[in-house]
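Descriptive analysis of the structure
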Amino acid sequence: MWTLTGRSCWHRRVLLSCATGPARPQLPRFRPAASHGDAAGSWASDRLCSSAGHKEKPDTSRFAVEDIRNFSIIAHVDHGKSTLADRLLELTGTIDKTKNNKQVLDKLQVERERGITVKAQTASLFYNFEGKEYLLNLIDTPGHVDFSYEVSRSLSACQGVLLVVDANEGIQAQTVANFFLAFEAQLSVIPVINKIDLKNADPERVEKQIEKVFDIPSNDCIKISAKLGTNVEHVLQAVIERIPPPKVHRKNPLRALVFDSTFDQYRGVIANVALFDGVVSKGDKIVSAHTQKTYEVNEVGVLNPNEQPTLKLYAGQVGYLIAGMKDVTEAQIGDTLYLHNHPVEPLPGFKSAKPMVFAGMYPIDQSEYNNLKSAIEKLTLNDSSVTVHRDSSLALGAGWRLGFLGLLHMEVFNQRLEQEYNTSVVLTTPTVPYKAVLSSAKLIKEYREKEITIINPAQFPDKSKVAEYLEPLVLGTIITPDEYTGKIMVLCQARRAVQKHLIFIDQNRVMLKYLFPLNEIVVDFYDSLKSLSSGYASFDYEDAGYQTAELVKMDILLNGNIVEELVTIVHKDKAYSVGKTICERLKDSLPRQLFEIAIQAAIGNKIIARETVKAYRKNVLAKCYGGDITRKMKLLKRQTEGKKKLRKIGNIEVPKDAFIKVLKTQSNK
């Protein structure tokens, strides 16, 4: 038995083990502490090392441009994208065939816990077809509407997509949204009908839906079972035959698009790049078009699916590049990289994501501020759709106002901060970006514009200074079995929605299009829709501008003190019901004290709802049996005075979980 008590002891162990010959004990493998770049997929890396870790450096020069195919897998949530990606990796020999291959490309802990993809992942596959070797660059994308920015970014590095549709559920809302993203990018679309092994699968019905909605001939569809591996080889053949090679020029100077990036504390920024022109190799001096800074390339390679260093990357290929960028602000997603002495026209890049939900984020303890700042910077490098603004609160101190694409996006970001960076935060009530048209000349001069955007409810201007308030709208698409149509219409009307279209996709399924105020759907509309339709309805939305609305600022008071984190902006017609719900939920969430807590919802000076948390109280009459009533009254009066005094000096802390419980409004109130 060996015990390691210090460095000298470790050296002694090495010397002894060398002297004893073949029977030497196994030395421990010392690894540096896992950073964000490899912590995210530490266990996945261990699983893949047997198949990917011992390969020699791939020779990327042997692939001509016409032998390269770049494609993404797009689909609705839970239609089998990641399972299909696993089978493609096995079929091309990229990973060994084992029963443990489930969601191999989903490397984040949050993805494994929730069973969803939240981050697009890249893998390069080598595949022999009709005696010729092809390089297939696959990007597995998320399916939830909150991560649609990941999908649109991934498509910029592709020439085609596999559109996966569940043979049981058929076309869903996100299937439609993702198809139109690919269609607008002018990519080749290969429809794949998955899960044909299910008992209730009806691939013929789904073929007709695809033909009617997307105008793709039904004989172009490939019917597969990704779980069992049925017909998956036909998918690879279709990728080679139907998706065109990239249109690039290797003789031109280097032009590379950064479409994703991660941060490694030892190696700096690892940029995922798609090469549109030229060649890049280790030792090249490259320039960032965004910052104009020059870097020396330390390493280039392909993801197979782990990092595999190569000698060079050529135009048309997708890989990674490490160039000693040590500051997270230096690697902008959408940036163009080019050779030092050969400036080029920058690539168009990406349209910045438009946040749909804003929330305040504060450290639990202000001493953790710098650690949290560093964690947020590194995580926003990996998730560029999050917007960050400095903010401060009287109750919670210095923090940030973060913009997210939806509530699930916010929850996943918070979970990743806790899991990958070990930081705990307080999140405030999410709000949507309202606008106010100012009427006061003084305010117009102060803000330097007539129309201002309000992302923090505490900064909501008073009605006397505003000509009109504007609220954001979204165009929502709901696809549902027709028996639930009536219930869903009632739900939409309750959320102030206006119907635009109603189309029958086939005999049983309906596509509804509604114009919704964003604040009506952002918190719990999706949950209500799923419960009404027994889980069969699907929902997707896109931005649709602003409309005039009667908005009011509602304060929540605890014993007369405003809780700044719970200030909300609501529509005038819904103020009472929202205020009542928040008060009731706070009543259930706040721990009882030795004094009474009055929870009130107020608009200006008017109290519109109230709940009371009763005080803990000792039975002071327990020792009184019989006797005069005045004796009892005296004891009760003394107790009341004590409670009154306590109420003046007592502080009420709102627990972290109380904020989360208040977010979810009750659907059927």
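Below you will find a few notes about this structure. (Residues numbered from 1 in each chain as written. Predicted model: local features only at pLDDT ≥ 70, side-chain atom pairs only at ≥ 80, totals over all residues. Heavy atoms only, no water.)

**What to know about the overall build of the protein**
Of the regular secondary structure elements, the protein holds 18 helices and 31 strands. Taking all 669 residues of the protein together, 52% fall into the buried category. Taken as a whole, the protein presents about 31,900 Å² of accessible surface, with 50% of it coming from carbon and sulfur. (Helix = DSSP H or I, 4+ residues; strand = E, 2+ residues; numbered from the N terminus. Buried < 20%, exposed > 50% of the residue type's maximum accessible area, 1.4 Å probe, protein only. Areas by Shrake-Rupley, 256 points an atom, 1.4 Å probe, with all protein chains shown as cover.)

**Re the sheet that holds strand β20 (residues 425-427)**
What the 4 strands build is an open sheet, ordered β18-β19-β17-β20; its pairing is antiparallel. The two strands at the open ends of the sheet, each matched to only one other strand, are β18 (387-393) and β20. Strand-to-strand twist across the sheet, computed as the mean angle between neighbouring axes with direction ignored, equals 30 degrees. Helix α10 (residues 369-382) rests against β17 (357-363), β18, β19 (397-404) and β20 of the sheet, and its axis sits at about 15 degrees to β19. (Pairing = 2+ DSSP bridges. Axes fitted to C-alpha atoms, helices over the stretch in contact; angles between N-to-C directions. Contact = heavy atoms within 4.5 Å.)

**Overview of the sheet that holds strand β2 (residues 121-129)**
Taken in spatial order, the 6 strands line up as β2-β3-β1-β4-β5-β6 in an open sheet, and their pairing is mixed. Strand pairing shows two members of the sheet lacking a second neighbour, β2 and β6 (222-223), which therefore form its edges. With 2 bridges connecting them, strand β5 (residues 188-194) and β6 associate as parallel partners. By the bridge assignment, Ile193 is partnered in β6 with Lys223. Seen against the sheet, helix α4 (residues 81-91) touches β1 (68-75), β2, β3 (132-140) and β4 (160-166) and runs at an angle of roughly 150 degrees to β1.

**Brief notes about the nonpolar core**
Counting residues in hydrophobic clusters, the biggest one holds 54 residues, and the most contacted among them are Leu417, Ile478, Phe516 and Phe525. With residues up to four places along the chain from it excluded, the contact list for Ile478 reads Ile488, Cys492, Val510, Met511, Leu512, Phe516, Phe525, Leu529, Ala537, Ser538 and Phe539. Counting 29 residues, the second-largest nonpolar core is a separate cluster that includes Leu89, Leu125, Tyr134 and Ile224. (Core = buried A, V, L, I, M, F, W, Y, C linked by side-chain atoms within 4.5 Å.)

**Quick notes on the packing of aromatic side chains**
Considering all chains together, one arrives at 14 aromatic pairs under this definition. With a centroid separation of 6.4 Å and an interplanar angle of 85 degrees, the aromatic rings of Phe180 and Phe183 are classed as edge-to-face. Taken together, the residues Phe180 and Phe183, both in helix α7 (residues 173-184) and 3 residues apart, mark about one turn of the helix. Phe180 sits in the partly exposed class, given a relative accessible area of 36%. Between Phe460 and Tyr469 the ring centres are 4.6 Å apart and the planes differ by 20 degrees, which places this aromatic pair in the stacked class. Take Phe460 and Tyr469: they sit in the same class, and that class is buried. (Phe/Tyr/Trp six-rings, centres within 6.5 Å; stacked < 30°, edge-to-face > 60°.)

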